[in-house]
Every structure is written in structure tokens, then in C-alpha cells.
Amino acid sequence: MLPGIVPLLRGADLGTRARALRQVQRQTGNRAAQPVLPRQALTDAQHWALDWAAHPAQQHHFRGTGRPSGTPRQRYDVLAPLYKTHGIPRPMVYLTPSITTARFFGFSTPAHVDLAAALRTAEATLRAGGVTTAPVTKVWALNPRTTSAGGWSNHTDGRAVDIDPGTNPHLTSRAQRHVIGLVTGTDMEAGGQGCVAMKNSSDTRGAATERRLRAGLQRQVKRRKAELARKTKVLERKRRARDRYPLRTYGAQGFLNLPEELVDALTGAGLRWGGNWSGAKDFMHFDL
């Protein structure tokens, strides 16, 4: 009787199958009733939980105090769906063969194997050109995290590297880019201008430049006075402090100190440079 029931129940709803299963169990015992209900596929969350337990050597990648907050497991649970939307349905399975220790002039960082190869190529190019000491002070690649808006960061899969972020900022503020453009004569919204153009703009600095940057900022504040008047004095002070401090730093120190030959070597090795982006330039950033 059981073989004839199985085909009929495969198209039935779960309630019908459950009632049939109980009836068959009473008649034949649990063992004979097993073929009646097919195994349910694991959900993404179940796969991610099993993968977490099965790959303890990769769990340390999710430690951190950045976005999202929480324990390594809590951060992994938030990031796993983002990995899936970017073509990596099971991140722990991905990390095991894909991430290695990349080395660049004595610095080391976990990174995708392809990025590690590109860094080796870039270092070889620089050394062949006579560079013998590290032209950088900080290098990091893999960093599972979200953006400030809670979205995907292209460091999460280890295919991007940031170099000397303290002196090569990500210029996300349109107002700051506008002021820098007024002072240096460079269109900071245009992309693909290359390292030489950005370096020349960055090197336009000193006391006079700092004064011009301050004057430019004051003009920006004046134009926005009507908008700022609607906000509280506390928010107004925070906005002005936020806008002024980075510009004073850029005016005194510049915003790009990576050697041109370093940028050329990394881009020559197949990496894309954030300094060539349109709009929010990211001078520290290189990716595949």
C-alpha cells in the first residue's frame, strides 16, 4: 500500500502529508513511513550556522569593533546575507580557499589570492625600479564589515586594499571637494585624471593654501546660512567642526602622499585606484 501512496502525496500540501504520515505510522511503523515526506532543503540561515561551526579557522576574520557591532558570530550573521547578494552564498566556504596572507614590502594582511598576487607583482616592479625600502606605512585588505549606510564594503571579500589611509583620505564630502577644487583649480568631481593631477593638487599646500581653504569654507558656510539657521546651535557647531578640521589638515599636509611609482606599480599589476574615481575619491584604495 505504501508505494502507491508516495507519488500521490508528493504534490499534496504539508497538512495532507502530515495527516497521511500519522496514519501510515500507525499502520506500518515509523521506519516504513520515512519515504512519504521528502527531506526539506536547508535554509540559508541553517547553511550559515553549519558552516560557522565547520570552519573555526576562519572565524577570527569576523572579530572587530567596527560595523556591524557585536561578537564575531553576531557580525557574521549580519554579513552573511550581504555576501550572498554579492555572489558568495556561503561566506565561510568562500574564505577557506580564497583568502591568504598577502605581503607587500614587509607588511602582511589577509587578502584574496588574486589581490595577493597583484601586490607581489607591484612590489617586484618597484624593486626592479630601484625602490628598496617600504614606500608605505600601513596596508590592509580583508575586513568583513558594512559601510556606514549598512551596505556592502568591497573589503568584505578581501579583493580591495587600503594603503596609508591616514594621509590618503576618502573624500566623501562634496563640500570639501568643492573647496579643494576652488583652491587648486582641479575638478575634484571628474574621474580618471591620474595620479599626477591629483598629486599636483595635493601638493598645493602651505599657509597660503590653508588660508584659501578656510576662506573657501567660510564662503560655503555663508551660502548655507539659511539652511543652518533652521538647525540648533549644537548641530551647527558640530557641522562646522566636522567640515573645517579635515580641510585644515588637507591644507597643511595635502591629501595624497603615495609615491607616483607606487600607484603606477599597483595599477600596472591590474588594480583599480580609488583616486581615479568620479566624485568621492578614495586615495588609499586599490581593488581588483
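It should be emphasised that the depicted structure is a prediction, and the values quoted were computed from it without experimental measurement. Numbering of residues starts from 1 in each chain and follows the order in which that chain's sequence is written. Given that the model is predicted, a residue must reach a pLDDT of at least 70 before its local features are reported, and side-chain atom pairs must reach 80 or more before they are shown or counted; all residues, however, enter totals for whole chains, interfaces and linings. In computing side-chain values, all of the structure's heavy atoms are included and hydrogens and water are not.

S.K.: Any chance you could break down the nonpolar core for me, citing the residues and the numbers?
M.R.: By convention a nonpolar core is built from buried Ala, Val, Leu, Ile, Met, Phe, Trp, Tyr and Cys residues, the set being connected through side-chain atoms within 4.5 Å. Burial classes follow relative accessibility: with a 1.4 Å probe on protein chains only, a residue under 20% of its type's maximum area counts as buried, one over 50% as exposed, and anything between as partly exposed. In terms of nonpolar packing, the biggest core is built from 40 residues, with F104, I163, L266 and F286 touching the most fellow members. Runs of E in the DSSP output that reach at least two residues are strands. Runs of H or I that reach at least four are helices, and both are numbered from the N terminus. Of all the secondary-structure elements, those providing two or more residues to this core are β1 (99–104), α7 (113–128), β4 (160–163), α8 (174–184), α9 (194–202), α10 (207–223), α12 (233–253) and α13 (260–268). The element contributing the most residues to this core is α7, with six residues. Apart from residues lying up to four places away in sequence, I163 is in contact with V136, K138, V139, N168, L258, L262, L266, M284 and F286. Counting 15 residues, the second-largest nonpolar core is a separate cluster that includes L79, I88, L142 and W152. Should any heavy atoms of two residues lie within 4.5 Å, those residues are considered in contact.

S.K.: Hey, could you go over the environment of R145 for me, with residue numbers and the actual values?
M.R.: Tracing the chain through its elements places R145 in the loop between β3 (139–140) and β4. Residue R145 is classed as partly exposed on the basis of its relative accessible area of 23%. It is 5.9 Å that separates the C-alpha atoms of R145 and T156, two residues lying 11 residues apart in sequence. Residues contacting R145, with those up to four places away along its chain left out, are R67, P68, R75, L79, W140, G151, S153, H155 and T156. Whenever two N or O atoms come within 3.5 Å, that pair is a polar contact, provided that in protein one can donate a hydrogen and the other can accept it, and provided that, for residues adjacent in sequence, both atoms are side-chain atoms. Among the polar contacts listed, one links the side chain of R145 to the side chain of S153, at a separation of 3.3 Å.

S.K.: Go over α13, please, and point to the residues and values.
M.R.: Every buried residue belonging to α13 is among L262, V263, A265 and L266, and all of these are buried. Projected onto a plane normal to the axis of α13, the buried residues spread over an arc of 165° and lie on a single side. In the core, the buried residues of α13 are packed alongside β1, α7, β4, α9, β5 (272–273) and β6 (285–287). Of the residues trailing α13, G270 is marked for its positive phi of about 105°. What the arc describes is the spread of directions from the helix axis to the C-beta atoms.

S.K.: Lay out the side chain of T109 in plain terms, naming residues and giving numbers.
M.R.: Within the fold, T109 resides in strand β2 (residues 107–112). Look at T109 and you get buried, because its relative accessible area is 5%. One polar contact links the side chain of T109 to the main-chain amide nitrogen of A141, over a distance of 2.9 Å. T109 has contacts with T100, T101, A102, V139, W140, A141 and L142, leaving out every residue within four places of it along the chain.

S.K.: Describe the packing of aromatic side chains, with residues and values.
M.R.: Note on aromatic pairs: the rings of Phe, Tyr and Trp (six-membered ring only in Trp) are paired at centre separations within 6.5 Å, and the planes decide the class, stacked below 30 degrees, edge-to-face beyond 60, tilted for the rest. Considering all chains together, one arrives at 10 aromatic pairs under this definition. Relative to W152, the ring of Y83 has its centre 5.3 Å away and its plane inclined at 85°; by these criteria the two rings are edge-to-face. Here Y83, found in helix α5 (residues 72–85), pairs with W152, found in the loop between β3 and β4; they are 69 residues apart in sequence, far enough to count as distant. As far as the burial class goes, Y83 and W152 line up, both buried. An angle of 50° between the planes, with centres 6.1 Å apart, marks the rings of W273 and F283 as tilted.

S.K.: Account for the pairing of β2, naming residues and giving values.
M.R.: At least two bridges found by DSSP between two strands is the condition for calling them paired. Examined bridge by bridge, β1 and β2 share six bridges and lie antiparallel to one another. Bridge pairing in β2 links A102 to T109.

S.K.: Tell me about the packing of helix α4 (residues 44–54) against α5, residues and numbers included.
M.R.: Geometry is summarised by axes, namely lines fitted to C-alpha atoms with helices restricted to the contacting stretch, and by angles between N-to-C directions that run from 0 to 180 degrees. Here α4 crosses α5 at 130°, and the two axes come no closer than 11 Å. Relative to α5, the element α4 lies oblique. Helix-helix and strand crossings are classified by hand; for α4 and α5 the assignment is right-handed. Across from D44, W48, A49, D51 and W52 in α4, the residues of α5 making contact are P72, R73, Y76, A80, P81 and K84. Side-chain classes follow a simple rule in which Ala, Val, Leu, Ile, Met, Phe, Trp, Tyr, Cys and Pro form the nonpolar group, Asp, Glu, Lys and Arg form the charged group, and the remainder, Gly included, forms the polar group. When its residues are assigned to classes, the contact of α4 with α5 shows seven nonpolar, no polar and four charged. To sort the angles, those under 35 degrees are grouped as roughly parallel, those over 145 as roughly antiparallel, those from 65 to 115 as roughly perpendicular, and the leftovers as oblique. Should the near helix be turned counterclockwise from the far one by less than a right angle, the crossing is left-handed, whereas a clockwise turn marks it as right-handed.

S.K.: Tell me about helix α6 (residues 91–98), and name the residues and values.
M.R.: Of all the residues in α6, the buried ones are P91, M92, Y94, L95 and S98. Viewed end-on, α6 has its buried residues packed into an arc of 155°, placing them on one side of the element. Buried positions along α6 lie against α4, α5, β1, β2 and α7.

S.K.: Account for the environment of C195, with residues named and values stated.
M.R.: Its place among the elements puts C195 in helix α9. Residue class for C195 comes out buried when judged on its relative accessible area of 6%. As a C-alpha pair, C195 and L262 span 67 residues in sequence and 10.0 Å in three-dimensional space. For C195, the residues in contact, after removing those within four places along its chain, are L256, E260, V263 and W273.

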